[in-house]
Amino acid sequence: GKPFNPKKHLIGYLPEERGLYPKKTVLEQIVYLTRLRGISKKEAVNNANKWLKRLEIDEYTNRKLETLSKGNQQKVQLVAALVADPELIVLDEPLSGLDPVNADLFKSVINEQIEKKKYIIMSCHQMPVIEEFCKDITILHHGTAVLQGDLNKIKKSYGRVNLSVKCDGDVLPLAAQCGLVPETITPDKLTFKIQSEEQAKSLLKMIVDSGMPLVRYELREPSLHEIFVENIERADKEAGRSDEA
């Protein structure tokens, strides 16, 4: 209900694609972008140096952006998003293309912002990342919200319907006696879709009574990946769209 003032209502934006100047040095452009937010040059330089050190790229301060690897350019982009200490942070595919070490570094920085009570909007196709960070979600499909709300409440509404089992032995005959047919079979585990927790408990009792060594037994809610796929498929079906459309 109030006019937007970019100097007062600071927003940090991390685009999926690079939004920086390849021919400019790292420090030069971060200071420039920070000063556009109404911050003094001295404070801009101090903030830039602090964040470059935090993201472990202070050795590239005076290097042109185009000479950096893609991962380090992504770090510079994150510095540009956070250097003005924004209240609202918009992250578009923040972990895309990062190796595991840099992905963990980005995650630690995002968690720091969450602890500081910053408001974060994240656009991401990596469902485990959304589950790790986001409280409220919206799943968009063809520009329409097909599911939205509190993530924990959404997952609880499905119930614990997924069962993962791994035994040092053949558990399939026991599962068949419980009316369970595996959805997937991998070297690591068998997965089942159960009708009730009693069905899962019956299988567990049979495994224990048989003396078969049990390596894994996990009864869980569906993952966000599974919820995503289910809702997209339902939305397509209701709209009369096919896989080829």
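Small disclaimer: the values here were computed from a predicted structure and weren't measured.

**Q** I keep staring at the pattern of salt bridges and nothing clicks. Help me out?
**A** Where charged atoms from two side chains of opposite charge approach closely, those side chains can pair. Applying the stated rule across the entire model yields 13 salt bridges. Glutamate 28 serves as the salt-bridge partner of lysine 24, at 4.0 Å between the closest nitrogen and oxygen. Judged by relative accessible area, which is 42%, glutamate 28 ranks as partly exposed. One salt bridge connects lysine 118 with aspartate 85, and the closest N-O pair in it is separated by 2.6 Å. Taken together, the residues lysine 118 in the loop between helix 4 (100-115) and strand 3 (119-123) and aspartate 85 in the loop between helix 3 (70-82) and strand 2 (88-92) connect sequence positions 33 residues apart. The class of lysine 118 is buried, set by a relative accessible area of 16%. If you follow the salt bridges from partner to partner, you end up with Lys166, Asp188 and Arg216 in one network.

**Q** Just to check I follow, could you spell out the sheet that holds strand 1 (residues 11-14) for this structure?
**A** As a general point, the strands of a sheet are linked pairwise by backbone hydrogen bonds and lie either parallel or antiparallel. Pairing within the open sheet is parallel, and its three strands lie in the order 1-2-3. Where the open sheet ends on each side, the last strands, each with one partner, are strand 1 and strand 3. Ignoring which end each strand starts from, the neighbouring axes of this sheet average 10 degrees apart. Bridging between strand 2 and strand 3 involves five bridges; their strand directions are parallel. Bridging across to strand 3, leucine 91 finds its partner in methionine 122. The strands that helix 3 touches are strand 1 and strand 2; relative to strand 1, the one it contacts most, it runs at about 165 degrees. Across the sheet, helix 4 touches strand 2 and strand 3, and the angle it forms with strand 3 is around 140 degrees.

**Q** Explain the sheet that holds strand 6 (residues 162-167) to me, please; I cannot follow it from the model alone.
**A** Spatially, the four strands line up as an open sheet ordered 7-8-6-9, and their pairing is antiparallel. Looking at which strands have only one partner, the edges of the open sheet turn out to be strand 7 (184-185) and strand 9 (214-220). Strand direction decides the pairing type here: strand 6 and strand 8 (residues 190-193), joined by four bridges, are antiparallel. Opposite asparagine 162, over in strand 8, you have lysine 193 as the bridge partner.

**Q** What's the story with the nonpolar core in this structure? I'm lost.
**A** Grouped burial of nonpolar side chains is what soluble globular proteins tend to show. Among the nonpolar cores identified, the biggest contains 50 residues, and Ile30, Leu55, Val76, Leu78, Val79 and Met122 are the most heavily contacted of them. Residues in contact with methionine 122, not counting those within four places in the same chain, are Leu91, Pro94, Ile110, Val129, Ile130, Phe133 and Cys134.

**Q** Just checking my understanding: could you explain the pairing of strand 4 (residues 136-141) for this structure?
**A** Regular strands have side chains that alternate between both faces of the sheet. Taking every second residue as pointing to the same face, the buried face of strand 4 carries Ile137, Ile139 and His141, while none of Asp136, Thr138 and Leu140 on the other face is buried. As defined by bridge partners, strand 4 adjoins strand 5 (residues 144-150) across six bridges and the pair is classed as antiparallel. Paired with histidine 141 across the bridge in strand 5 is threonine 144. Hairpin connection, strand 4 to strand 5: the antiparallel pair is bridged by two residues, and histidine 142 has positive phi, about 55 degrees.

**Q** Any chance you could explain the packing of helix 6 (residues 151-158) against helix 9 (residues 224-239) here in plain terms?
**A** Packed helix pairs are characterised by how far apart their axes lie and by the angle those axes make with each other. Where helix 6 meets helix 9, the axes come as close as 11 Å, and the angle between the chain directions of the two elements is 75 degrees. Taken together, the axis directions place helix 6 and helix 9 in an arrangement best described as roughly perpendicular. Judged by residue contacts, Leu151, Ile154, Lys155 and Tyr158 of helix 6 engage Leu224, Ile227, Glu230 and Asn231 from helix 9. Residues of the contact of helix 6 with helix 9, tallied by class, amount to five nonpolar, one polar and two charged.

So, how was this worked out
- Residues numbered from 1 in each chain as written.
- Predicted model: local features only at pLDDT ≥ 70, side-chain atom pairs only at ≥ 80, totals over all residues.
- Heavy atoms only, no water.
- Salt bridge = Lys/Arg side-chain N within 4 Å of Asp/Glu carboxyl O.
- Buried < 20%, exposed > 50% of the residue type's maximum accessible area, 1.4 Å probe, protein only.
- Helix = DSSP H or I, 4+ residues; strand = E, 2+ residues; numbered from the N terminus.
- Pairing = 2+ DSSP bridges.
- Axes fitted to C-alpha atoms, helices over the stretch in contact; angles between N-to-C directions.
- Contact = heavy atoms within 4.5 Å.
- Core = buried A, V, L, I, M, F, W, Y, C linked by side-chain atoms within 4.5 Å.
- Parallel < 35°, antiparallel > 145°, perpendicular 65-115°, else oblique.
- Nonpolar A, V, L, I, M, F, W, Y, C, P; charged D, E, K, R; others polar.

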